[in-house]
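Spelled out from the first residue to the last, the chains are:
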Amino acid sequence: MAADPEDITSAGEDSPTDDDNASQTTEDDPQVPQPQPPTNEYLDRPPPPPTSTTSRDSPRYELTYTMSGHTQSISAVKFSPDGTLLASCSGDKLVKIWSPHTGKLIRNLTGHSKGLSDIAWSFDSVFLASASDDATIRIWTVDTGLTTKILKGHTSYVFCVNYNSVSDKLVSGCCDGDIKIWDVTKGKCLKTLRAHLDYVTAVHFNRDASLIVSCACDGLIRIWNSATGQCLKTLAESHNAICQHVQFSPNSKYILSTTHDHAIRLWDYQTSRCLKTYTGHQNSKYCVVACFSVTGGKWIVSGSEDGKVYMWDLQSREIVQVLKAHTDVVVAVAVSSARIPHSYDPFLTDIVQMSQTHPQQNMIASASMDSDLTVRVWIDKSST
Amino acid sequence: MIHTDPLTMQYPTAVQTSLSANAIFARFDPSGRFIATAQHQGSALIWDMDSKNAIRWLEGHVKPLTSMDWSRNSKYLLTTSKDWNAIVWDIETAAEVDPCQRKRTVRFDAPVVSGSFHPKNCKILLILLSTGEAFIVDLRKGHAGRFELYDQHEGDDQRPAAFTVVHFDPIGRYVFVGTSNGSILVFHSRTKTLLARHKVTGAGIMRGFAFTKGGRRLTTNSSDRVLRLFYLPTYPSPPASSTTPSQPSTPNPQIVNQIQPESQVLEQEFEPVHRFHDPITKTAWHTMSYSPDGDWLAGGAADPANHKIYIWDIQHNGQFTTTLDGGREPLVHVDWHPSKPMIASTTSQGTVLVWHYPTPERWGAFAGGFEEVDENVVYEECEDEFDIEDENELERRKKIEEEQFVDIDTLDDLLISSSTGGTNGEVDEDTAWALDEPDDDLPGWTLKVVIEVTPEY
């Protein structure tokens, strides 16, 4: 059985380097013999993680900085889109802005009267929005550390927040099940969606901000028309697993969900079909975040309740690296997407090619809860 | 079904909202995110269609605006005014300074009636003056100049008819000119030569043109209160580039005669495919606008007491479909949204009504795997619906299914946005001319968000 996954590996890992079209035809070709798992043992979950992959394309992330300072559980970490800053937020009411290149604290953003659950950067890395248990969202000008706007209107804990790609709107989810869409320029609520019956744990705009995906502790993933506020579709996770984080893929064709049955799934929301399942990590209790890493190899990166960070190959679903990161649950991870500047975006034929011609440092940040309280920055040494 | 099905594309039916813009007309930008409104006193406003807030002020003209045209990626706006000026505004850099910065001001010696960008290059403008003269104003260094378009033939024996409408076709290869004696002249944009002359019987003075996106259909508005729809012929290939007039002045008549013998000008009577008019009230039309797919045509009636938009179904023989009634304030302008069943109609009082197609709430969407049906249907069990299958077998199949390649980061709209080239990939001479010294109106630029500062923090 060792030989079979090897086959998948070589097929899958050609794709980031070779011509994408070529690899796609290979993948779609029905003549390619599919690996046949010979025994039942293979089907047991979690599958034996083939961590010993020795491919040239595997990431080799190494711990570079450990930053401590938060006094309560960290709830989110996010790299600024230009890759120069890292923000973390915590139950201690603070947003901390770090330099991921030096590991130093740059400043604290203080003002919230209760703990924080989520943060989001504007596309130009100028503003940061923070969602707090004090029922407000604050928009900060990161350079000055001052609050630019306070968005009031939620009646309870604000649990999640995200910008649209042009950053003139925010979407936020509240623990009373409401989703609000905000106009950033005026600081006014444009729409309130009575979306769910329980904690809204994640909300995310698609690329052109025409759709919003949300998930909640009621176990449902819903897709909304952001202009009319109408519900377009509901995806119910199988196995009655509670979904606690959801987001669109970079091209907005798929959604990635993490659920409390120790699984991360990639969905085609048009057909409601689950395309990929990533397993091997621990996740049954906390809202653990997963994200896409598309600069360099294409990985799915997720925190885990065993204190580690897991990375899977997007196509083959094999674990490509495990970071022994923290001593407590890793609830938050972020990938420095070091996005290609927005103005060049549509001319890009292939993001992978772009990152090959302009090599860059790929970074991961991870953060943990109560007994650990550190933010750690990892740098991929395979690309340097 | 998440995206709007193009087959079910509708026309708007109800007013969604109104903007108190004090506007004389309003134009959607090509992305549909914004709408520009022209004010009486000469300024223009840009509104965000989601929040319905005015987000940019363009202060530059001192007399009423006469036209506005967006560049293809909405970075620039061209405004023309009765103050003899045409201004090109840069919306992107405008954010730093409020009110907006102008990129270029072009001054003429008469009030400007209309101005539009070349569809492929914002450095080429098409300008019509109230004197009935039309110019292609080329702002590029290598081509700089004002080129007057005129009809050589008619100049010989009589005073030429004044130009009353000018319009680029959607790819910018031709300039269509409407005249005061009911003719349509077709000029070649690159060489500025006359290619065709179409007489439209009974039209009177040409008042307006509207093209479908593909450029095959042209609708005209004229003083006889009839909208006419024409299918355009293909025009003869333009003269070779060696004879391109390169002087930044009006072309020398001798050169024109050499490259353009009178026999080469296509003389053709134009017979409309459809005529749209109101047989009872015989109302005149202010403007007309096509739906994005070209299947519907909206006409704004110049009714002094009512606000009425007529909708015709082009797909079905141009039959009259409905009238949208917007109340008592008379209509002065209509504009159809670039991608949605949405119309902006301006009233004589300056209000912009935004019409939309209200979609009924689909409650079935709230339940996973739930389908709504219009009528009861007898449920038919599928052959294998309650079969007990081996779970291992199912998981094995799922595993194989998951081997499928998934592309998470290639963007579809790349294909669409790269349409600056020729229609089928090849770059012809006209496109090459238009793309020489290209503008910087690139897709994907982002409007800087200006957060209103509230003093309390």
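Conventions used here
- Just so you know, the residues in each chain are numbered from 1, in the order the chain's sequence is written.
- Each chain gets a letter, beginning with A, and each ligand a number, beginning with 1, in the order they are written.
- In keeping with the model being predicted, local features are shown solely for residues with a pLDDT of at least 70 and side-chain atom pairs are shown and tallied solely at 80 or more, while totals for entire chains, interfaces and linings include all residues.
- Remark: hydrogens and water are excluded; side-chain values derive from all non-hydrogen atoms of the structure.
- Comment: elements are numbered from the N terminus, with helices defined as DSSP H or I runs of at least four residues and strands as E runs of at least two.
- Here, two residues are considered to be in contact whenever any of their heavy atoms come within 4.5 Å of each other.
- For the area figures, the Shrake-Rupley method with a 1.4 Å probe applies, and any residue is considered shielded solely by the protein chains shown.
- Each pair of strands is called paired provided DSSP finds at least two bridges between the two strands.
- Whenever a helix is involved, its axis is fitted only over the stretch in contact; in every case the axis is a line through C-alpha atoms, and angles between N-to-C directions fall within 0 to 180 degrees.
- A 3.5 Å cut-off defines polar contacts: any pair of N or O atoms within that distance qualifies, except that in protein one atom must be a possible hydrogen donor and the other a possible acceptor, and neighbouring residues in sequence count only when both atoms are side-chain atoms.
- Throughout, exposure labels follow a simple rule: accessible area from a 1.4 Å probe, protein chains only, divided by the maximum for the residue type, with under 20% read as buried, over 50% as exposed, and the rest as partly exposed.
- The residues that make up patches have over 30% relative accessible area and no salt bridge, and they are joined within 9 Å when like-charged or within 5 Å when they are Val, Leu, Ile, Met, Phe, Trp or Tyr.
- Salt bridges are identified by distance alone: a Lys or Arg side-chain nitrogen within 4 Å of an Asp or Glu carboxyl oxygen.
- Note on charges: Lys and Arg go in the positive column, Asp and Glu in the negative column, and His and the chain ends are not counted at all.
- Just so you know, the charge point we use is NZ for Lys, CZ for Arg, CG for Asp and CD for Glu.
- Put simply, two rings from Phe, Tyr or Trp (the six-membered ring, in Trp's case) pair if the centres are within 6.5 Å, and we call them stacked under 30 degrees between planes, edge-to-face over 60, tilted for the rest.
- In our convention, an over-ring charge means Lys NZ or Arg CZ found within 6 Å of a ring centre and within 35 degrees of that ring's normal.

This part takes up the overall build of chain A. A tally of helices and strands in chain A yields 3 helices and 28 strands. Nonlocal contacts in chain A, meaning residues at least 24 apart in sequence, comprise 49% of its contacts between residues at least 6 apart. Surface accessibility of chain A: about 14500 Å² in total, with carbon and sulfur atoms responsible for 50%.

To continue, consider the sheet that holds strand S23 (residues 299-303) of chain A. Residues and elements named next belong to chain A. Reading across from one edge, S22-S23-S24-S25 is the order of the 4 strands in this open sheet, with antiparallel pairing throughout. A strand with exactly one partner marks an edge of an open sheet, and here the two such strands are strand S22 (290-293) and strand S25 (319-324). Taking each pair of neighbouring strands and ignoring which way they run, the sheet shows an average axis angle of 20 degrees.

Here Gln-315 of chain A is to be found in the loop between strand S24 (308-313) and S25. At 2.6 Å, the side chain of Gln-315 of chain A forms a polar contact with the backbone oxygen of Val-406 of chain B.

What follows is about the environment of Trp-355 of chain B. Residue and element names in this part refer to chain B. Here Trp-355 is to be found in strand S29 (residues 351-356). We classify Trp-355 as buried; its relative accessible area is 2%. Between the C-alpha atom of Trp-355 and that of Met-342, which follows or precedes it by 13 residues, the distance is 5.3 Å. Side chain to side chain, Trp-355 and Ser-345 meet in a polar contact 2.9 Å long.

One non-glycine residue, Ser-252 of chain A, lies in the positive phi region at around 65 degrees. Among the structural elements, Ser-252 of chain A can be located in the loop between strand S18 (243-248) and strand S19 (254-259). Here Ser-74 of chain B, not a glycine, exhibits a phi torsion of approximately 70 degrees, which is positive. Mapped onto the secondary structure, Ser-74 of chain B falls in the loop between strand S6 (65-70) and strand S7 (76-81). Take Ser-74 of chain B: its relative accessible area is 3%, and that puts it in the buried class.

Residues and elements named next belong to chain B. Examined against the element boundaries, Ala-144 turns out to sit in the loop between strand S12 (134-138) and strand S13 (145-149). Judged by relative accessible area, which is 40%, Ala-144 ranks as partly exposed. The sequence separation of Ala-144 and Ile-124 amounts to 20 residues, and the corresponding C-alpha distance is 9.3 Å.

Let us look at a negative patch on the surface. All names here are of chain B. Together, Glu-381, Glu-383, Asp-384, Glu-385 and Asp-387 make up a negatively charged patch on the protein surface. Residue position: Glu-385 is located in the loop between S29 and helix H3 (391-401). Glu-385 gets classed as partly exposed once you look at its relative accessible area, which sits at 32%.

All names here are of chain B. Overall, the coordinates contain 27 salt bridges over all chains when judged by the stated rule. Across the pair Asp-335 and Arg-27 runs a salt bridge whose closest N-O atoms are separated by 3.9 Å. Placement of Asp-335 in strand S27 (residues 331-336) and of Arg-27 in strand S2 (residues 23-28) is noted, with a sequence separation of 308 residues between them. Owing to a relative accessible area of 10%, Asp-335 belongs among the buried residues under this scheme. Arg-197 serves as the salt-bridge partner of Glu-267, at 2.1 Å between the closest nitrogen and oxygen. Note that Glu-267 is positioned in strand S21 (residues 266-269) and Arg-197 in strand S17 (residues 194-199), a separation of 70 residues in sequence.

With that settled, the discussion passes to the packing of aromatic side chains. Residues and elements named next belong to chain B. Throughout the structure, instances matching the rule amount to 19 aromatic pairs over all chains. Between Phe-176 and Phe-211 the ring centres are 5.1 Å apart and the planes differ by 70 degrees, which places this aromatic pair in the edge-to-face class. Highlighted residues: Phe-176 in strand S15 (residues 174-179) and Phe-211 in strand S18 (residues 206-211), separated in sequence by 35 residues. Look at Phe-176 and you get buried, because its relative accessible area is 1%. Overall, Phe-211 belongs to the buried group, its relative accessible area being 12%. Above the face of the Trp-433 ring, Arg-140 is positioned so that its terminal group lies 4.9 Å from the ring centre. Its end group placed over the ring of Phe-147, Lys-192 keeps NZ or CZ at 4.2 Å from the ring centre.

Any functional reading would require information beyond the geometric quantities listed.
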